[in-house]
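This is what each chain is made of:
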Amino acid sequence: KLENLVAGDILIADVKYKFQNSEKYYSSDIALTANGEVLETKNGESVFCSVRRFVSASAKKLYKGFDYAEPISKAVTVGDKSGLDSYIYSVYNSGGVSHILAISGLHLTLIAFCFQKLLVLISLSKKTASVVSSIVILGYAAFVGFTPSVTRAAIMILAIMLSRIFIERADSITMLFLALALLLVLNPYSIFSISLQLSFISCLAILVSTPIMDKIDAFFEIKRDLTENRIVKLLLSLANAVISPAIMSFSATVFSFFIILTTFDSVSYVS
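The written sequence of each chain sets the order in which its residues are numbered from 1. Residue-level local features of this predicted model are given only where pLDDT is at least 70; pairs of side-chain atoms are given and counted only at 80 or more, and the full residue set underlies all totals for whole chains, interfaces and linings. Hydrogens and water molecules were not included; the side-chain quantities draw on all heavy atoms of the structure.

1. As for the side chain of R224
Part 1: Secondary structure is summarised from DSSP: a helix means a run of H or I of at least four residues, a strand means a run of E of at least two, and numbering begins at the N terminus for each. Turning to its location among the elements, R224 is positioned in helix α9 (residues 194–226).
Part 2: Accessibility here uses a 1.4 Å probe with only protein chains present; expressed as a share of the type maximum, an area under 20% marks a residue as buried, one over 50% as exposed, and anything in between as partly exposed. Only four residue types enter the charge count: Lys and Arg as positive, Asp and Glu as negative, with His and the chain ends excluded. The working definition used for a salt bridge is a side-chain nitrogen of Lys or Arg within 4 Å of a carboxyl oxygen of Asp or Glu. Despite its burial, R224 pairs with no opposite charge; the closest candidate is E221, at 5.2 Å N-O.
Part 3: Apart from the residues lying within four places of it in its own chain, the contact partners of R224 are K233, L236, S237 and N240. For this analysis, residues touch if any pair of their heavy atoms sits within 4.5 Å.

2. Looking at the packing of helix α5 (residues 105–121) against helix α10 (residues 230–264)
Part 1: At a minimum axis separation of 10 Å, α5 and α10 run at an interaxial angle of 155 degrees. Between α5 and α10, the crossing angle belongs to the class labelled roughly antiparallel. The chirality of how α5 crosses α10 is right-handed. Along its contact with α5, which presents L106, L110, F113, C114, K117, L118 and L121, the element α10 presents S237, N240, A241, P245, M248, S249 and A252.
Part 2: Under this grouping Gly is polar, as are all residues other than the nonpolar Ala, Val, Leu, Ile, Met, Phe, Trp, Tyr, Cys and Pro and the charged Asp, Glu, Lys and Arg. Among the residues making up the contact of α5 with α10, the classes are represented as 10 nonpolar, 3 polar and 1 charged. The axes are straight lines fitted to the C-alpha atoms, using for helices just the contacting stretch, and the angles between their N-to-C directions are given from 0 to 180°. Orientation categories follow fixed angle ranges, with anything under 35 degrees roughly parallel, anything over 145 roughly antiparallel, 65 to 115 roughly perpendicular, and all other angles oblique. By definition, any crossing whose near helix is turned counterclockwise from its far helix by less than a right angle is left-handed, and any crossing with a clockwise turn is right-handed.

3. Notes on the packing of α5 against α9
Part 1: Interaxial distance between α5 and α9 falls to 10 Å at its minimum, and their mutual angle equals 20 degrees. Viewed along their axes, α5 and α9 adopt a mutual orientation that is roughly parallel. Helix-helix and strand crossings are classified by hand; for α5 and α9 the assignment is right-handed. Residues G105, L106, T109, F113 and K117 of α5 touch α9, and the partners they reach there are S199, S202, C203, I206, M213, D214 and D217.
Part 2: In the contact of α5 with α9, the residues fall into 5 nonpolar, 4 polar and 3 charged.

4. Considerations on helix α8 (residues 172–186)
Part 1: Compared with an ideal rise of 1.5 Å per residue, which puts 15 residues at 21 Å, α8 spans 21 Å between its outermost C-alpha atoms and is within 8% of the ideal.
Part 2: For α8, the full list of buried residues reads S172, L176, A179, L180 and L183. Along the axis of α8, the buried positions cluster into a sector of 100 degrees, meaning they face one direction only. Away from its buried face by more than 90 degrees, α8 exposes L178 and V185.
Part 3: Residues of α8 that are buried make contact with α7 (148–166) and α9. The span one expects for a helix is its residue count, reduced by one, times 1.5 Å. Think of the arc as the fan of directions from the helix axis to the C-beta atoms.

Okay, structure coming up:
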C-alpha cells in the first residue's frame, strides 16, 4: 500500500513525463514531472529505509488515537508529508509557521548548532564538536533523502562548520556567502526558493548571535568555577543548555520574520 511506503522504497509504474518550464519548479531542481499508475511496490533494503520504516511505525504506535500528531511528527522527523491534509496546512499557515512542516534550513541549523553546543558543554573542543556535528548533519541529510532544500541547507552549514575547524570564527559569514554563491552558480533559479532563503537567513542569524552566546558560555563557566556545590554546578549547566539554544531560535525567528511574513502573509508570536 502506498500509505506504508517510506523514502527509498521502490515503485514500478507506468508513467508519462512532462517537461516543466517555470521558476517554481526550477528553484527546486525539477525539470520533469510524471503522472502514472503504480504497478508494484518493493521495500528498500538500505539501512536508512529500515530506520525510516521504524520511525514511521513508532510514530503510528506512539500517537495512536491522535488524528494529527502522527503525520506531523513524521513530517518533521523523516520528511514524510504524505499524511498531511489541507486542514493541518491551514492551521500551521494561520500561525505563520507552516514552513516548519518541511525539513529545511531551520531544522538543520537548530540540529547542528544545538548539537555542537551540547558537545562543547560536555567538555569537547569546539573544533571536535564541529567535526562531529558535520558528520551528524551529513547523516541526517542522507536519512531524509537529500532533498533539494536539505542539500542546500547542509552545504551552508558544512561551510560554516569547516570555517570553524580550519579558520577563525570571524570568517564564518564569508564562508556562508561563498556557499550561497556556489549554490546560485549551480542553480540560479534556487534564489526563488523559500527554503534557500530560510536556510541562508537562519545560518546568518546563528553567526551574528554567536558572540552573544560565547559571552553567555563564558559567564556560566566562571560561575561554575566559583562554586563547589555540585547541584549549583548542574543547575548552571542546565541553564546554559537552555539559554543558548533559545537565543539561537530567537535569532533565527527575528531574522526570518520578514521572509515568513511576506511569504505566508502571517507570522506567529511564539514561532
